[in-house]
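These are the residues of each chain, in order.
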Amino acid sequence: MLTATRAPERPSSYLTDGYGLKSWLLTSDHKRIAILYLISITFFFFIGGIFAALIRLELATPAGDLLESDVYNKMFTMHGIVMIFFFLIPSIPATLGNFLIPEMIGAKDLAFPRINLLSWYIYVFGGIFVVYVLLTGGVDTGWTFYTPFSTSYSNTKVMAAAVGIFIAGFSSILTGLNFIVTIHRMRAPGLSWFRLPLFVWAHYATSMIQILGTPVVAVTILLVAMERGLHIGIFDPALGGDPVLFQHLFWFYSHPAVYIMILPSMGVISEIISTFTRRRPFGYTFIAFSSVAIAVFGFLVWGHHLFVSSQSVYAGMVFSILSYVVAIPSAIKVFNWTATMYKGSVELSTPMLYAIGFIGLFTIGGLTGLFLACLGMDVHLTDTYFVVAHFHYVMVGGAIMGYLAGLHFWWPKMTGRMYPVLWSKIAGVIIFLGFNLTFFPQFILGFLGMPRRYHVYPPEFQVYNVLSSAGATVLGLGYLIPFIYFMWSLKYGKPAGPNPWGATGLEWQIPSPPPTENFEVTPVVTVEAYEYHAQEVVEVG
Amino acid sequence: MASHATVLRHHFENGEQQKEASSLGMWVFLLTELMFFGGMFMAYLAYRQAYPDSFAAASSKLNVTLGMCNTLVLIGSSLTMALAVRCAAAGSGKKLVVLFLILTLLLGGVFLGIKAKEYHDKWIHHEVPGANFHPEDWPKNVDMSHASLYFGLYFGMTGLHASHMVIGVGLLLFLIIRANQGAYTPEWHTPVEMVGLYWHFVDIVWIFLFPLLYLIDPNFGRQ
Amino acid sequence: MSTQNAHSEHSVHIVPIPVYLGVFFALVIGTLVTWQVSLLDLGRLNAVVALTIAVCKATLVVLFFMHVKYSTKLTKLVVVCGIFWLLLLLTITEADLLTRTWMGVPGR
C-alpha cells in the first residue's frame, strides 16, 4: 500500500478530459451532452414542481382564495407544459439514453455527435421561450391548447409558448433520429438485435415515436400560430373551422408522446430487475417486441381523448377497442418482470426498490386507463380528477420512478461515485408514500365527480384534497433528498468501481466514469445479453 | 487538384459505416418532413371536403400557367440534381458536377421567383388572410367566409414548401463551393447525395401541391 | 483509419442517363396529362385521377432519382413506414370526419 502524501490521481475520464465552460458547451461527447441535459431538465423539473406546489396549496381549501381563476388556469397550464415538454419527454432518453446507448452497443459515440449537441441547444432555446412566458404572465389554455380558446380568445402568451414547444420538438426529433441511426449502424461486431439490452430496444421504440409523431404536433402548433396571427379560420367555427380537427392533429402526437415518456422507463426497469434478480429477463423476446408494439399501437388510439368532443361514435368505438389492445404489450412486460423475479435471487437495492414501486404504480395507472378507455365510463370520468390521477400514476409513479431508478442504478457509472445507500432507500420510501397519498385520493375525487382544472369545489371534497395536498408536500420533500445526496456524492461519495452491482452489459466493462472514447478497442460480442448464469458458474467453480 | 481522402469521423469504424449512417439519417429526417407536411395535408383534406365550392372558387384565383411552369421547372431541377449526383459518383470531373449543381440552383431560383410573383399578386388582390383579406369578384352563391381557409392553407403549404426550397438553395450554394474545390470524389460524395435526397423530397411535395391547390376546378366560373 | 474498403460500397450504383431522361419525360408528360384532365369535368374522378398521377410521379422520383430501387432493404422499409404512417393520420381522421353524422344524436 502506498503512503499517500498527496491525493491519489484520478484516472482520466470524460469528466476530466478538458476543463472550462467551453469544453463543455462545445463538446461532442455524448456523455457530456447527457450531463448538460441532466442539469437542464432538473432545472425545469423544479419549475414544474413549483407550479404543482401552488396548485396543491390552492386546492387545500374549497374556495378560490389563494389564486384568481385566471391565475389558477395559468398554474396548471404551465405545470403541464414544463413537466411534459421540458422534463418528461427528454428525461430518460436525453440523459441516460445519450450516456448509455453508445456504451451498451460498444460504440465510441452516437452516429451524429454534433447533431446531439445541437439538440441540446435547441432544447435550451425552446426553454428560453418558456421562461419568457413564465416571466411575462404565463399562458392559460391548458397544456392541450384546445381551440378556439387558444387561437381566438385567450389573452395570454400563447404564441410564445407555442414557439417554445415547437422549437423543443425539434430537439426531440433529432435525439430520436440519432438513436435510430446509431442502433442500426453502430452496433459492435457480434451484437445482433436479439443480444441488445432491453434498454436499447426501449429507446429504439421511443425514437420511432419521436420521429413519426413530433412533426405532426409541430405543424399543428404552426397552424395555431397562423390562426392566432392571421385568423385564417382553420380552427375557428365562426369561419368554418373545426376545433375537433385541432384535437385530432394534437392528439395524434400527444398520445404516442405518453409512450415516449414511459417506454424508456420500462427499459430501465428491465435492466434493473435482471441485475437484482441475477437473471435474464423472462421472455426477453416478448419484452423487446412489446416495446415496438407499444410504439406502433400507440399511434392508433389517440381518439380516446376525443370521446366527448363530438367525434363520431363509430370512430370512438374503434378507438376504444384499440385502446384495450394497446394495454396488452404493457401487461406482457409486467408479467415478464414479475416472472423474472419469481424464484430469482432478489436484492433490494435502491434501484430495485424503485423498480418494484414502478411495477405496482404503473399497473394501477395502466388499469385505470382501461376504465377511461371504456366509452360509457369515460363520459362520466373524463375531465375529472380520475383522469388526473390516472396519468400521474403512469407519468410520476411510472415514468419518474423509472427515471429515479435509472439515476440510482447508473449514477456510479456516470460519476464514479456512490451515493449514501441508507438515505437513498429512505428517500425512495418517502417518495412512494408521498406519491400515493397525493394521487390515490384523486381517483376517489374523480369518481365522485370533481372536475379537473377547477380550483373551486364543493366542501364535501375537501378531505380528499387535503390528503392530496399533504401527500404533495411529502412527495416534494422526498424529491429533494436525492437531489441533495447526489450533489453531495459528487465530492464526498465513495468512489465506485466499474461494476458495483455485478451487472452484465458492455457499459459495466469500462471504467467509472468512462473515458471519453468509451472503448479502447471495439468489443466483439459473443454471448447473449444478461448472461448471469455463466457468471455464477465461474464464481462457484 | 488532388481529391481529398474520405473524411472519416473518429467515432466511425470505416467509411462504409459512416456513409450508411449518413444515408439512414437523411432518410429518417425525410420521414419526419413527410409527417410535418402531412399535418397540413390533413387540414386541407378536411376542409376541401367540407367546403368544396369555396375551395373551387378560391382555387380559381390561382394562375395555373405559373403553377405548371413551376412544376416543370422543379422537375427539371430534380433531373439536374440527379445528374449532379451521378457525375460525382461516376467521377466525371468537378466541372460537370459544378455545372449541374448550378443548373439546379438556377432552376430553384426560377421557382422561387415565380412564387414571389404569385405571392405579390395575391397581396395586391387582397387574397392574403389577415387584416387586408378581401378577395375580389367572388361568386355570389358561394360562401366567402370559407375562402380564408383555402388561402390560409395555400400560403401555409406553399410557404412551408418555399422555405424548404430556400434552405435547399443554401445547401446547393455550399455544395457548389465545395465541389469547385474538388472535395467530391467517387469514393466520397455523400453530401451531394444527401442534398439530392432532400431536393427530390421537396420536389415530391410540390408534385402533390400542384394538383391539390391549382387544379381543383380550373373551369370554375367559366361559361 | 481513413482508408477505404478495397471494393466500392454496394450503394454506388450508377444509373444510366437514359433512365434519368426517361423518368424526366414521364414526369413532364404526367404533369401535362394532369393539367389536361383537370379541364374535363369528371366530377369526383378528377381528384382521383390527379392524385393517382401524382402518386405515380412521386414513385418514379423515389425509385430512380432517389435511388431507392437500388438501396438497402432498410431504406425501402423506412420509405414504406413513412407512407404508412402518413396514411394512418389521414385515413383514421378521415374516418371520423365521414362518420360523424351516421349515428343520430338523441333529441335532434
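Residues numbered from 1 in each chain as written. Chains lettered and ligands numbered in written order. Predicted model: local features only at pLDDT ≥ 70, side-chain atom pairs only at ≥ 80, totals over all residues. Heavy atoms only, no water.

**Focus: the overall build of chain B**
Our working definition: What counts as a helix is a DSSP run of H or I of at least four residues, what counts as a strand is a run of E of at least two, and both are numbered from the N terminus. Only protein chains enter the accessibility calculation, which uses a 1.4 Å probe; a residue whose area is less than 20% of its type maximum is buried, one above 50% is exposed, and one in between is partly exposed. What makes two residues a contact is simply this: any of their non-hydrogen atoms within 4.5 Å. When charges are tallied, Lys and Arg are placed among the positive residues and Asp and Glu among the negative ones, while His and the ends of the chain are skipped. In plain terms, the charge of a residue is placed at NZ if it is Lys, CZ if Arg, CG if Asp and CD if Glu.
The helix and strand inventory of chain B stands at 6 helices and 0 strands. Dimensions of chain B, computed from C-alpha atoms along their principal axes, come out at roughly 70 × 30 × 30 Å. With 223 residues in all, chain B has 62% of them scored as buried. The long-range fraction of contacts in chain B, counting pairs at least 24 apart against all pairs at least 6 apart in sequence, stands at 79%. Side chains of chain B carry 13 positive and 15 negative charges; the gap between the two charge centres is 7 Å.

**Details of the side chain of Thr384 of chain A**
Along the chain, Thr384 of chain A turns up in the loop between α12 (375-381) and α13 (385-415). Setting aside anything within four residues of it in sequence, one finds Thr384 of chain A in contact with Gly446, Met450, Pro451 and Arg452 of chain A.

**Thoughts on the packing of helix α11 (residues 350-373) of chain A against helix α14 (residues 421-448) of chain A**
Residues and elements named next belong to chain A. The criterion, for reference: Where helices are involved, their axes are fitted lines through C-alpha atoms of the stretch in contact, as for all axes, and angles between N-to-C directions lie from 0 to 180°. Throughout, the term roughly parallel applies to angles under 35 degrees, roughly antiparallel to angles over 145, roughly perpendicular to angles from 65 to 115, and oblique to all others.
Between α11 and α14, the shortest axis-to-axis distance is 9 Å and the interhelical angle comes to 10 degrees. Here α14 runs roughly parallel to α11, going by the angle between their axes. Contact with α11, carried on its side by Thr350, Leu353, Tyr354, Gly357, Leu361, Ile364 and Thr368, involves Val421, Ser424, Lys425, Ala427, Gly428, Ile431, Phe432, Phe435, Asn436 and Phe443 of α14 and no other residues of that element.

**Focus: the interface of chain B and chain A**
Frequently, the measure chosen for interface size is the accessible area that the parts lose on association. We count it as follows: Using a 1.4 Å probe, buried area is obtained as the accessible area two parts lose upon being combined, added over both of them. Within this document, salt bridges are pairs made up of a side-chain nitrogen of Lys or Arg and a carboxyl oxygen of Asp or Glu, the two lying within 4 Å of each other. All residues other than Ala, Val, Leu, Ile, Met, Phe, Trp, Tyr, Cys, Pro, Asp, Glu, Lys and Arg, Gly among them, are scored as polar; the first ten of these are nonpolar and the last four charged.
In this assembly, 34 residues from chain B lie in contact with 39 residues from chain A. Summed over both partners, the interface of chain B with chain A buries about 2900 Å², with 72% contributed by carbon and sulfur atoms. For chain B, the biggest contributors to the area lost against chain A are His11, Met35 and Phe36 of chain B; these three give 19% of the whole. Our count for the contact surface shared by chain B and chain A stands at 2 salt bridges. Between Arg185 of chain A and Glu20 of chain B there is a salt bridge, with its nearest N and O atoms 3.4 Å apart. The set of elements that each furnish at least two residues to the side of chain B that touches chain A consists of α1 (15-50) and α5 (147-180) of chain B. Residue composition of the side of chain B that touches chain A, grouped by class: 18 nonpolar, 13 polar and 3 charged.

**What about the interface of chain B and chain C?**
To keep it simple, the criterion reads: Polar contact is defined as a pair of N or O atoms within 3.5 Å, subject to the rule that within protein one atom must be able to donate a hydrogen and the other to accept it, and that residues adjacent in sequence are counted only when both atoms are side-chain atoms.
Counting residues at the interface gives 50 residues for chain B, matched by 51 residues for chain C. With both sides pooled, the region where chain B packs onto chain C buries about 4300 Å², and carbon together with sulfur makes up 77% of that total. The largest share of the area that chain B buries against chain C comes from Trp27, Met42 and Arg86 of chain B, three residues that together contribute 14% of it. Between chain B and chain C we count 0 salt bridges in total. Taken together, chain B and chain C are joined by 3 residue pairs in polar contact (both at pLDDT 80 or more).

**Comments concerning the packing of aromatic side chains**
Selection rule: A pair of aromatic rings is counted whenever rings of Phe, Tyr or Trp (Trp by its six-membered ring) have centres within 6.5 Å, and the orientation is called stacked for planes under 30 degrees apart, edge-to-face for over 60 and tilted otherwise. Each ring is checked for a lysine NZ or an arginine CZ that lies within 6 Å of its centre and within 35 degrees of its normal; such an atom marks a charge sitting over the ring.
In this structure the tally under the stated criterion is 70 aromatic pairs over all chains. Ring centres 5.1 Å apart and planes at 75 degrees place the aromatic pair Phe252 of chain A and Trp302 of chain A in the edge-to-face group. One end of the pair, Phe252 of chain A, is in helix α8 (residues 243-277); the other, Trp302 of chain A, is in the loop between α9 (284-297) and α10 (313-341), and 50 residues separate them in sequence. Overall, the relative accessible area of 0% leaves Phe252 of chain A in the buried class. Using a relative accessible area of 0% as the deciding quantity, one classes Trp302 of chain A as buried. Among the aromatic residues, those joined into a ring-pair cluster are Tyr44, Phe55, Tyr119, Phe133, Tyr150, Phe151, Tyr154 and Phe155 of chain B. Here the guanidinium or amino end of Arg280 of chain A rests over the ring plane of Tyr284 of chain A, the centre of that ring lying 4.6 Å away.

**Re the packing of helix α7 (residues 198-230) of chain A against α9 of chain A**
All names here are of chain A. Stated precisely, the cut-off is as follows: The crossing is said to be left-handed when, going from far helix to near helix, the turn is anticlockwise and less than a right angle, and right-handed when the turn is clockwise.
Between α7 and α9, the least distance of the axes is 8 Å, while the angle of their chain directions is 15 degrees. Classified by the angle between their axes, α7 and α9 sit roughly parallel to one another. Taken as a pair, α7 and α9 cross one another with a handedness that is right-handed. Of the residues in α9, those touching α7 at Leu198, Trp201, Ala202, Ala205, Met208 and Ile209 are Tyr284, Ile287, Ala288, Ser291, Val292, Ala295 and Val296. Grouping the amino acids of the contact of α7 with α9 by side-chain chemistry returns 12 nonpolar, 1 polar and no charged.

**Points about α1 of chain B**
All names here are of chain B. Selection rule: To estimate the expected span of a helix, count its residues, drop one, and scale the result by 1.5 Å.
Its 36 residues give α1 an end-to-end C-alpha distance of 53 Å, which sits within 8% of 52 Å, the value for a rise of 1.5 Å per residue. For α1, a buried count of 29 out of 36 residues is recorded, marking the element as mostly surrounded by other parts of the structure. With a side-chain oxygen lying 3.1 Å from the backbone nitrogen of Glu16, the N-terminal cap of α1 falls on Asn14.

**Brief notes about the domain arrangement of chain C**
Residue and element names in this part refer to chain C. Where we set the bar: Boundary definitions for the domains trace back to an automatic or database domain assignment.
Looking at chain C, the domain boundaries give domain 1 (1-70) and domain 2 (71-101). Listed as interface residues are 6 residues of domain 1 and, on the opposing side, 5 residues of domain 2. Across the domain 1 to domain 2 interface the summed buried area is about 380 Å²; carbon plus sulfur atoms make up 59%. The interface formed by domain 1 and domain 2 holds 0 salt bridges in total. For the pair domain 1 and domain 2, the number of links is 3 residue pairs in polar contact (both at pLDDT 80 or more). Residues that form the side of domain 1 that touches domain 2 fall into these classes: 3 nonpolar, 2 polar and 1 charged.

**Some thoughts on unusual backbone geometry**
Residues and elements named next belong to chain A. Note the cis peptide between Thr147 and Pro148, where omega equals -5 degrees. Relative to the helices and strands, Pro148 is located in the loop between α4 (113-135) and α5 (149-153). In this model, Ser512 is joined to Pro513 through a cis peptide bond whose omega is -10 degrees. Checked against the element boundaries, Pro513 lands in the loop between α15 (462-492) and α16 (532-540). Positive phi, normally seen in glycine, also occurs at Asn518, with a value near 65 degrees. Of note, Asn518 is situated in the loop between α15 and α16.

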